[in-house]
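The primary structure of each chain is shown beneath.
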Amino acid sequence: MDAPLPVLMNELGVTLFDSSITDREFFGAVVERKTGELALSMPAGRSELERDTVARYLLAQAFGVDVPPMPAPLVTVHADDSDPDMDEALRRVRQGW
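The sections below set out a description of the structure shown in this document. Everything numeric here is computed off the predicted structure, so don't read it as measured data.

Now for the overall build of the protein. Of regular secondary structure, the protein possesses three helices and three strands. If you list the helices and strands of the protein from N to C, you get α-β-β-β-α-α. Taken over 97 residues, the protein has a buried fraction of 30%. Residue pairs at least 24 apart in sequence account for 53% of intrachain contacts in the protein once pairs closer than 6 positions are excluded.

Below you can see the structure in the form of structure tokens.
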């Protein structure tokens, strides 16, 4: 997990794309396709430090790496298609895919 982010994502086979979600409280999402491929969706225009930190954290969670929770007020949510509260967020993330 300490490789440069582009190298890490290449090694893990993760695709990164800019999200159309502009909400300042949205930091990113990892979406798994039915094929098992992972995509990392992140808002454009954020600092390199923020993008790197959040990307690594989300990827660590997606791959089951034991990481401590993010400090408040940041939270992560695990959702799937059966979670009605996440339908809109998942739809918006997947639209950019």
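Another aspect to go through is the sheet that holds strand 2 (residues 29-32). Taken together, the three strands give an open sheet; going across it, the order is 1-3-2, and neighbouring strands pair in mixed fashion. The two strands at the open ends of the sheet, each matched to only one other strand, are strand 1 (14-19) and strand 2. Averaged over neighbouring strand pairs, the angle between their axes works out to 25° when direction is ignored. Pairing of strand 1 with strand 3 (residues 38-43) involves six bridges; the strand directions are parallel. Residue Leu16 lies in a different strand from strand 3, and its bridge partner there is Leu40. Against the sheet, helix 2 (residues 48-62) makes contact with strand 1, strand 2 and strand 3, and its axis sits at roughly 150° relative to strand 3, the strand it touches most.

Further remarks concern the pairing of strand 2. Every regular strand shows the same layout, with side chains that alternate between the two sheet faces. Every second residue of strand 2 is oriented toward a common face, the buried set being Ala29 and Val31 and the non-buried set Val30 and Glu32. Here four bridges tie strand 2 to strand 3, and the two strands are oriented antiparallel to one another. In the strand pairing of strand 3, Val30 is matched with Leu40.

Within soluble globular proteins, side chains that are nonpolar tend to cluster in buried spots. If you look at the biggest cluster of nonpolar residues, it comprises 12 residues: Ala3, Leu5, Leu8, Met9, Val14, Leu38, Leu40, Met42, Val54, Ala55, Leu58 and Leu59. Examining the composition of this core, we find that four residues originate from one element, helix 2, more than from any other. Residue contacts for Leu59: discarding those within four places in its chain leaves Met1, Leu5, Leu8, Met9, Leu12, Val14 and Val30.

End to end, helix 2 covers 21 Å across 15 residues, agreeing with the expected 21 Å (1.5 Å per residue, within 8%). Residues of helix 2 that are buried include every one of Arg51, Val54, Ala55, Arg56, Tyr57, Leu58, Leu59 and Ala60, and no others. Among the structural elements, helix 1 (5-12), strand 1, strand 2 and strand 3 are those in contact with the buried residues of helix 2. Just beyond helix 2, the residue with positive phi is Gly64, at close to 75°.

What counts, and where the lines are drawn
- Residues numbered from 1 in each chain as written.
- Predicted model: local features only at pLDDT ≥ 70, side-chain atom pairs only at ≥ 80, totals over all residues.
- Heavy atoms only, no water.
- Helix = DSSP H or I, 4+ residues; strand = E, 2+ residues; numbered from the N terminus.
- Buried < 20%, exposed > 50% of the residue type's maximum accessible area, 1.4 Å probe, protein only.
- Contact = heavy atoms within 4.5 Å.
- Pairing = 2+ DSSP bridges.
- Axes fitted to C-alpha atoms, helices over the stretch in contact; angles between N-to-C directions.
- Core = buried A, V, L, I, M, F, W, Y, C linked by side-chain atoms within 4.5 Å.
- Expected span 1.5 Å × (residues − 1).

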